[in-house]
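Residue-level structure breakdown
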Amino acid sequence: MNMNDILLAVLVIFVAPVIGCLYAGIDRKITARLQGRVGPPLLQPYYDVRKLLSKDNLVVNPSQNFYVVVYVAFLILSLLMLVLKADILMIIFVYTVSSIALIVGGMSTGSPYARIGSSREIMAILAYEPILILYALAIYLLTGTFKLSALVDASTPLLMYTPLIFIAMIVVLNIKLKKSPFDYSTSHHGHQELVKGMTTEYSGPGMAGIEIGHFYEYVFLTGLIFVFWAVNPLIGVLISAAAFFFVTLIDNITARVYWQWMLKLSWTVLLIISIVNIAFLYFSGVKLV
């Protein structure tokens with residue numbers, strides 16, 4: 001790792017949560033406008049985190065905040081690996097560790113709401129993880145390597161050969177951002193039958209840590225969409241922003257579904273179209289140059 005990579009890593013650590021905070025604020029603004037409301041200030045997510053950090057550190061289990069630290073640490077690591085154009089397969093594995101840490105943290109509180117929410121999050125991982133693996137496989141088939149640097153050096157964008165996987169990844173984005181109809185493990189507002197699901201027993205600094213993790217996660221997930229057009233950063237950012245707006249729109253026009261429905265959708269429609277795309281790449285032998 002050279003000096004430029006170190007400076008980029010430091011920049012990502014400090015700038016990513018700012019961008020993620022703005023993402024969250026824009027999300028609330030769009031949601032409010034779609035519902036005919038004015039909505040909170042753009043920086044309301046920052047105000048929320050600042051207020052949570054000022055509260056007492058009350059915990060149900062002494063170890064629950066440790067899992068929040070693991071969650072945020074592995075999110076930052078996965079984002080750094082993404083920005084440094086590392087191995088996409090390793091990026092996905094590191095990102096999965098962060099999700100598992102949050103699940104274990106929810107389980108450790110002993111709350112029935114948190115445990116049910118954590119169990120539902122496990123179902124979500126089973127739903128989207130195969131799509132992420134096929135996403136990485138598509139990159140390998142087109143470039144001959146799992147390194148994301150090969151996509152940046154290519155002259156043709158990834159999206160030109162993976163439109164079906166792109167569609168599946170939009171659904172994965174919806175699942176991971178906890179948007180309707182897939183916000184059944186937890187949600188940004190306590191408006192479901194599980195209160196706040198797996199984060200129900202978190203408050204104060206612990207909850208602030210989760211919210212900061214969400215800021216990094218916003219940037220990471222939209223970064224995965226950016227990769228589809230990494231050859232042109234401007235177009236990549238526009239596609240990521242469009243995907244983010246689309247997911248927010250879907251969140252406001254759909255109702256929550258059962259986790260069984262999500263598994264059926266993922267393991268049938270999404271898996272089938274992704275495999276069809278992979279089969280096309282394998283048998284056609286096309287390569288990004």
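Residues numbered from 1 in each chain as written. Predicted model: local features only at pLDDT ≥ 70, side-chain atom pairs only at ≥ 80, totals over all residues. Heavy atoms only, no water.

The first and last C-alpha atoms of helix H5 (residues 112-143) sit 46 Å apart over 32 residues, in line with the 46 Å expected at 1.5 Å per residue. Its axis deflected by about 30 degrees at Tyr128, H5 carries its strongest bend there, up to four residues before the proline Pro130. If you check the start of H5, you find a side-chain oxygen 3.3 Å away from the backbone N of Tyr113, and it comes from Ser111. Taken from the residues just after H5, Gly144 is the one with a positive phi, measuring 80 degrees. (Helix = DSSP H or I, 4+ residues; strand = E, 2+ residues; numbered from the N terminus. Expected span 1.5 Å × (residues − 1). Bend = angle between axes of the 7 residues up to and from the residue. Polar contact = N/O pair within 3.5 Å; in protein donor to acceptor, adjacent residues only side chain to side chain.)

Moving on, we come to the pattern of salt bridges. Counted by the stated rule, this structure contains five salt bridges. Asp27 is the salt-bridge partner of Lys179, the closest N and O atoms lying 2.1 Å from each other. You can see Lys179 sitting in the loop between helix H7 (163-176) and helix H8 (204-226) and its partner Asp27 sitting in helix H1 (residues 3-34), a full 152 residues away along the chain. Since its relative accessible area comes to 3%, Lys179 is described here as buried. With a closest N to O distance of 3.6 Å, Lys176 and Glu121 form a salt bridge. Here the residue Lys176 occupies a position in helix H7, and Glu121 occupies one in helix H5, the gap between them amounting to 55 residues. (Salt bridge = Lys/Arg side-chain N within 4 Å of Asp/Glu carboxyl O. Buried < 20%, exposed > 50% of the residue type's maximum accessible area, 1.4 Å probe, protein only.)

Within the largest apolar cluster, 86 residues are counted, with the highest numbers of intra-cluster contacts made by Ile88, Tyr135, Met169 and Leu224. The biggest single contributor to this core is H5, with 14 residues. Each residue touching Ile88, except ones within four places of it in the same chain, is listed here: Tyr135, Ala136, Ile139, Phe146, Leu148 and Leu224. (Core = buried A, V, L, I, M, F, W, Y, C linked by side-chain atoms within 4.5 Å. Contact = heavy atoms within 4.5 Å.)

A separate point is the environment of Phe220. Of note, Phe220 is situated in helix H8. Sequence separation between Phe220 and Phe182 is 38 residues, and the spatial gap between their C-alpha atoms is 19 Å. If we skip the residues at most four places from it in the chain, Phe220 touches Ser78, Leu79, Leu82, Ile91 and Tyr95.

By volume, the largest pocket amounts to about 820 Å³. When residues of the lining of the largest pocket are assigned to their parent elements, the largest contribution, eight residues, is made by H1. (1 Å grid on protein atoms, 1.4 Å probe; cavity = no way out; pocket = protein on both sides within 12 Å on 5 of 7 lines; lining within 4 Å. Points joined across faces, edges and corners; volume = space filled by probe spheres on them.)

Quick look at the packing of aromatic side chains now. This model, assessed by the stated rule, comprises 11 aromatic pairs. An aromatic cluster is built from Tyr23, Tyr218 and Phe244, whose rings are joined through pairwise contacts. (Phe/Tyr/Trp six-rings, centres within 6.5 Å; stacked < 30°, edge-to-face > 60°.)

With that settled, the discussion passes to the side chain of Lys178. Within the element layout of this structure, Lys178 appears in the loop between H7 and H8. Looking at Lys178, the relative accessible area reads 12%, which means it is buried. Not counting residues up to four positions away in its chain, the partners in contact with Lys178 are Glu121, Asp183, Ser185, Thr186 and Met198.

In this fold, Phe66 is placed in helix H3 (residues 64-83). Distance in space between the C-alpha atoms of Phe66 and Val286 is 46 Å, their sequence separation being 220 residues.

Before going further, it helps to examine empty space enclosed by the protein. In this approach a probe as big as a water molecule rolls over the atoms, and the regions it shows empty are the leftover space. For the coordinates displayed, the defined rule picks out two cavities of 30 Å³ or more. For the second largest cavity, the calculated volume is near 30 Å³. Forming the boundary of the second largest cavity are Met169, Val172, Leu173, Leu221, Leu224 and Ile225. Elements with a minimum of two residues in the lining of the second largest cavity: H7 and H8. Split into classes, the residues belonging to the lining of the second largest cavity amount to six nonpolar, no polar and no charged. (Nonpolar A, V, L, I, M, F, W, Y, C, P; charged D, E, K, R; others polar.)

Below, the discussion takes up unusual backbone geometry. For the peptide bond that leads from Ser180 to Pro181, omega is 5 degrees, which places it in the cis range. Structurally, the position occupied by Pro181 is in the loop between H7 and H8. We note that Lys85 has phi near 60 degrees; this positive angle belongs to a residue other than glycine. Take Lys85: its relative accessible area is 34%, and that puts it in the partly exposed class.

Attention shifts here to the packing of helix H4 (residues 88-108) against H5. Packing of H4 against H5 leaves a shortest axis separation of 10 Å and a crossing angle of 180 degrees. In terms of axis orientation, H4 runs roughly antiparallel to H5. By residue class, the composition of the contact of H4 with H5 is 16 nonpolar, five polar and three charged. (Axes fitted to C-alpha atoms, helices over the stretch in contact; angles between N-to-C directions. Parallel < 35°, antiparallel > 145°, perpendicular 65-115°, else oblique.)

The next subject is the environment of Val60. Summarising the element assignment, Val60 is placed in the loop between helix H2 (44-53) and H3. Since its relative accessible area comes to 47%, Val60 is described here as partly exposed. Remark: the alpha-carbon pair of Val60 and Thr109, spanning 49 residues in sequence, is separated by 5.7 Å. Apart from residues lying up to four places away in sequence, Val60 is in contact with Thr109 and Glu201.

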